[in-house]
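Chain by chain, the residues run as shown.
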Amino acid sequence: MNHLSIIKAYIKFLFKAQSRYKIHSPFVYKYLAKVITNKKNDDKLKVINKLRSELRNDNEILQIEDLGAGTRDQHAMKIQRRVSEIAKRTSVPKPFAKMLFRTVHHFKPRNILEFGTSLGISSVLFSFANENAEVHTMEGSPEILKRAKSSFAKLGRDNIHTKCGNFDNILEAKLKELKQLDFVFFDGNHAKEPTIKYFEECLKYHHEESIFVFDDIHWSEGMTEAWEYIKQHPASKVTIDFFFMGVVFFKKDLSKQDFIYRL
Ligand SMILES: C[S@@+](CC[C@H](N)C(=O)[O-])C[C@H]1O[C@@H](n2cnc3c(N)ncnc32)[C@H](O)[C@@H]1O
């Protein structure tokens, strides 16, 4: 999708977006009105914002490989990239960082799996949002991962576990190791087929309380189609489209419903 198509899709999204006061599902109303707006525990977000701004000002040059779509970058084939450039193009925007932080802080998932570590901003966010969680993050670019690991060490994040490799080669073993997925953040290789494939693989390890979050669900036509597939899947109960991200809940007592909501 080019920029114009994304703008058109966003305008369409704004027209469809629901007011939380018109949402009848008590679970979704509580999530939108009380969980993702709850600033009470946001002090740790300051650490994440500091890390983000340090990385955005870091001129170190890394040699990187491009492993898939979804780096929000038209020039991703370059092999030399500044840390500052990577941080500006790939890290989660602030309102979504808040939404992710507050979601993890509220639901306290223990086993967190992340597709796409990049410089580690979202891994650090999950690690602080639930200090009792084990955050497993996968990244295909060794140089980028090395940089992320130095931030994890600097911030004393012992609950982040990294795995370097192409998701296609390392996912199966990682899932067998984890046995159960409480929270998954799909933030790498943003194309239709891989997204659906990773979703299906992770579904084998989900349970009623699991939460799956997909980044960039309207980034391309393929991603919009992947999101449609995920929404319609019989296992998905409540889905919430925040335009830049989509959240899936699997609780059996919820009726199958899709919501569109602007953060
Ligand atoms: C959007 S960035 C992740 C950003 C990170 N979650 C954050 O918010 O700070 C996506 C990352 O996924 C990695 N990636 C993309 N496709 C991959 C694949 N097939 N296997 C392994 N890593 C991949 C890229 O190298 C990139 O660093």
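Residues numbered from 1 in each chain as written. Predicted model: local features only at pLDDT ≥ 70, side-chain atom pairs only at ≥ 80, totals over all residues.

1. Overview of the pairing of strand β8 (residues 238-241)
Two faces make up the sheet, and in a regular strand the side chains alternate between them. Put simply, the test is: Buried residues are those with 20 or more other C-beta atoms within 10 Å of their own C-beta, exposed residues have 12 or fewer, and partly exposed residues lie in between; C-beta atoms are placed from the backbone. Helix and strand definitions follow DSSP, with helices as H or I runs of at least four residues and strands as E runs of at least two, each counted in order from the N terminus. At least two bridges found by DSSP between two strands is the condition for calling them paired.
Across the two faces of β8 the burial is the same, with V238 and I240 and T239 and D241 all buried. The pairing of β8 with strand β9 (residues 245-249) spans four bridges and is antiparallel. Within β9, the position partnered with T239 by the bridge is V248. Joining the antiparallel neighbours β8 and β9 is a turn of three residues, in which F243 adopts a positive phi near 70°.

2. Observations concerning the packing of helix α3 (residues 45-56) against helix α4 (residues 83-90)
For clarity, the cut-off: What counts as an axis is a line fitted to C-alpha atoms, over the stretch in contact for a helix, and the angles between N-to-C directions run from 0 to 180 degrees. Angles below 35 degrees are treated as roughly parallel, those above 145 as roughly antiparallel, those between 65 and 115 as roughly perpendicular, and all remaining angles as oblique. Residues are treated as contacting if the C-beta atoms built from their backbones sit within 7 Å of each other.
At a minimum axis separation of 7 Å, α3 and α4 run at an interaxial angle of 130°. When the axes of α3 and α4 are compared, the pair comes out oblique. Of the residues in α4, those in contact with R52, L55 and R56 of α3 are V83, S84, A87 and K88.

3. Let's talk about unusual backbone geometry
Look at K108: it is not a glycine, yet its phi comes out positive at around 50°. In this structure, K108 sits in the loop between α5 (94-107) and β3 (111-115). By C-beta crowding, K108 is classed as partly exposed, having 14 other C-beta atoms within 10 Å. Of note, the phi angle at F243 is positive, near 70°, even though the residue is not glycine.

4. Observations concerning the environment of T103
Tracing the chain through its elements places T103 in helix α5. A C-alpha to C-alpha distance of 8.3 Å links T103 and Y31, two positions 72 residues apart in sequence. Once you skip the residues sitting within four places of it in the chain, T103 turns out to touch V35, I36 and I211.

5. As for α4
Heads up, the rule is: The directions considered for the arc are those from the helix axis to the C-beta atoms.
For α4, the set of buried residues is V83, I86, A87 and T90. When α4 is viewed along its axis, its buried side chains cluster within an angular range of 100° and face the same direction. Where α4 is buried, its residues contact α3, β1 (61-63), β2 (80-82) and α7 (142-154).

6. Quick word on the packing of helix α9 (residues 192-203) against helix α10 (residues 221-232)
For any two helices packed against each other, the geometry comes down to the angle between their axes and how far apart the axes lie. Worth spelling out the cut-off: Helix crossings fall into two classes, left-handed where the near helix is turned counterclockwise from the far one by less than a right angle and right-handed where it is turned clockwise. Polar here means any residue outside two lists: the nonpolar Ala, Val, Leu, Ile, Met, Phe, Trp, Tyr, Cys and Pro, and the charged Asp, Glu, Lys and Arg; Gly therefore counts as polar.
It is at 8 Å that the axes of α9 and α10 come closest, and there the two elements cross at 25°. The angle between α9 and α10 falls in the class roughly parallel. The hand of the α9/α10 crossing is right-handed. Where α9 abuts α10, its residues K192, T195, I196 and F199 lie against G222, M223, E225, A226, Y229 and I230. Considered class by class, the residues forming the contact of α9 with α10 number six nonpolar, two polar and two charged.

7. Here's the deal with the nonpolar core
What counts here: Joined through C-beta atoms within 7 Å, a set of buried Ala, Val, Leu, Ile, Met, Phe, Trp, Tyr and Cys residues constitutes a nonpolar core.
In this structure, L119, L125, F186, V213 and F214 are the most contacted members of the largest nonpolar core, which totals 61 residues. With six residues, the top contributor of residues to this core is helix α6 (residues 121-129). With sequence-adjacent residues up to four places away left out, F214 is seen in contact with F186, T195, W227, I230, M245 and G246.

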